[in-house]
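So you can see what is in the structure, the chains are spelled out below.
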Amino acid sequence: MANVMKPARSPLTTAEIAALALSLAHLGSDPQATAARSGLRHAFEHMEIGDEVVSTTLATLTEPMPAAVADRARTIANAITAHLVVRLHYRDVSGRVTVRDVDPVTCMVHRDYWYLVGMCRLRGAIRAFRFDRIVATEPTFIPARPHRAGDFLPFQGRRAVQQGREAA
């Protein structure tokens with residue numbers, strides 16, 4: 001039997017990892033979702049994880065979300081895919097709840113928390129909304145303004161953003 005050599009591939013981008021993880025996280029804990037999360041963990045095997053922040057983040061990426069958070073995550077994922085504004089009922093760090101229309105750009109994980117990154121129409125600025133502070137989500141039929149995910153992800157650095165622009 002001959003050995004087959006696979007060509008070297010570049011690692012996944014931050015945006016690709018976030019999209020895959022978001023798709024898997026809200027699936028629950030059935031056997032298929034568990035197998036899919038195991039596959040995502042294998043995608044990380046090539047990475048050298050010496051950093052506690054990275055290690056914690058990767059663990060969060062591969063854990064299922066609680067059911068209520070998963071429901072809200074599905075609404076957010078659908079809004080990102082459909083390029084539609086999502087309406088959030090959001091509890092800030094002080095406990096105040098505001099209703100915000102957001103042009104969703106992407107989702108990301110940092111340490112123990114999932115975030116929706118998008119253009120908040122209430123504040124007129126880029127914001128990151130922690131999933132556990134999102135009280136409710138509502139789909140809308142309002143078209144979202146286009147934004148490049150690479151311009152919103154703080155962990156990619158200047159080089160990744162430049163590569164994203166060159167590819168566009």
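Located above this text is the structure these notes cover.
The sections below set out a description of the structure shown in this document. The numbers attached to residues start from 1 for each chain and follow its sequence in the written order. In keeping with the model being predicted, local features are shown solely for residues with a pLDDT of at least 70 and side-chain atom pairs are shown and tallied solely at 80 or more, while totals for entire chains, interfaces and linings include all residues. For side-chain calculations, the full set of non-hydrogen atoms in the structure is used, while hydrogens and water are omitted.

### Focus: the pattern of salt bridges
Salt bridges, as used here, are contacts in which a Lys or Arg side-chain nitrogen is within 4 Å of a carboxyl oxygen on Asp or Glu. Evaluated as defined, the whole model comprises seven salt bridges. Here aspartate 103 and arginine 121 are joined by a salt bridge, their closest N and O atoms 2.9 Å apart. With aspartate 103 in strand S2 (residues 97-110) and arginine 121 in the loop between strand S3 (113-120) and strand S4 (125-130), this pair connects stretches of sequence that are 18 residues apart. Relative accessible area serves as the criterion here: at 0%, aspartate 103 is assigned to the buried category. Here's how the labels work: a residue is buried when its accessible area is under 20% of the maximum for its type, exposed when over 50%, partly exposed in between, all with a 1.4 Å probe on protein chains only. Arginine 121 sits in the partly exposed class, given a relative accessible area of 30%. Residues arginine 130 and aspartate 132 are paired through a salt bridge, measuring 2.8 Å at the closest nitrogen-oxygen approach. Accessibility expressed as a relative area gives 14% for arginine 130, which makes it buried. Note on aspartate 132: relative accessible area 40%, which makes it partly exposed. The structure contains a network of salt bridges with shared partners spanning Arg87, Asp101 and Glu138. Runs of E in the DSSP output that reach at least two residues are strands. Runs of H or I that reach at least four are helices, and both are numbered from the N terminus.

### Comments concerning the pairing of S3
In terms of burial, S3 is largely enclosed, as seven of its eight residues are buried. Direction of pairing for S2 relative to S3: antiparallel, over a ladder of eight bridges. The partner of aspartate 103 across the bridge, within S3, is methionine 119. Whether two strands pair comes down to DSSP finding at least two bridges between them. With antiparallel pairing between neighbouring strands as the criterion, S2 and S3 make up a hairpin whose turn holds two residues, including arginine 111 at a positive phi of roughly 55 degrees. The pairing of S3 with S4 spans six bridges and is classified as antiparallel. Counted as the bridge partner of tyrosine 115 is arginine 130 from S4.

### What to know about helix H4 (residues 67-82)
A helix is expected to reach a length of 1.5 Å times the quantity of its residues less one. Here H4 contains 16 residues, and its C-alpha end-to-end distance of 23 Å stays within 8% of the 22 Å for a straight helix at 1.5 Å per residue. Positive phi appears at histidine 83, one or two residues downstream of H4, with a value of about 60 degrees.

### Here's the deal with the packing of aromatic side chains
In this description, an aromatic ring pair is defined by two values, namely the gap between the centres and the angle between the planes. Here a Phe, Tyr or Trp ring, Trp counted by its six-membered ring, pairs with any other such ring whose centre lies within 6.5 Å, and the pair is stacked when the planes are under 30 degrees apart, edge-to-face when over 60, and tilted otherwise. All chains considered together, the criterion is met by two aromatic pairs. Arranged with centres 5.0 Å apart and planes meeting at 80 degrees, the rings of tyrosine 90 and phenylalanine 129 form a pair that is edge-to-face. In this pair, tyrosine 90 sits in strand S1 (residues 84-91) while phenylalanine 129 sits in strand S4, placing the two residues 39 residues apart along the sequence. In this structure, arginine 130 is placed above the aromatic ring of tyrosine 113, and the distance from its NZ or CZ to the ring centre is 3.5 Å. Note on criteria: charge over ring means Lys NZ or Arg CZ within 6 Å of the ring centre, with the direction from the centre no more than 35 degrees off the ring normal.

### Brief notes about the environment of proline 66
By the element assignment, proline 66 lies in the loop between helix H3 (52-61) and H4. Sequence-wise, proline 66 and alanine 25 are 41 residues apart; in three dimensions their C-alpha atoms are separated by 9.1 Å.

### Focus: the side chain of arginine 72
Mapping arginine 72 onto the fold places it in helix H4. In this count, Lys and Arg are taken as positive residues and Asp and Glu as negative ones, while His and the chain termini are left out. Although arginine 72 is buried, it makes no salt bridge; aspartate 71 carries the closest opposite charge, 7.2 Å away. Contact criterion: two residues are considered in contact whenever any of their non-hydrogen atoms come within 4.5 Å of each other. Each residue touching arginine 72, except ones within four places of it in the same chain, is listed here: Phe131, Ile134, Val135, Ala136 and Thr137.

### So, the side chain of arginine 130
Counting through the fold element by element, arginine 130 comes out in strand S4. Distance and chemistry together define a polar contact, namely a pair of N or O atoms within 3.5 Å, with one atom able to donate a hydrogen and the other to accept it when in protein, and with adjacent residues in sequence counting only for side-chain atoms on both sides. Polar side-chain contacts of arginine 130 include one of 2.8 Å to the side chain of aspartate 132. Look past the residues within four positions of arginine 130 in its chain and what remains in contact with it is Tyr90, Tyr113, Trp114 and Tyr115.

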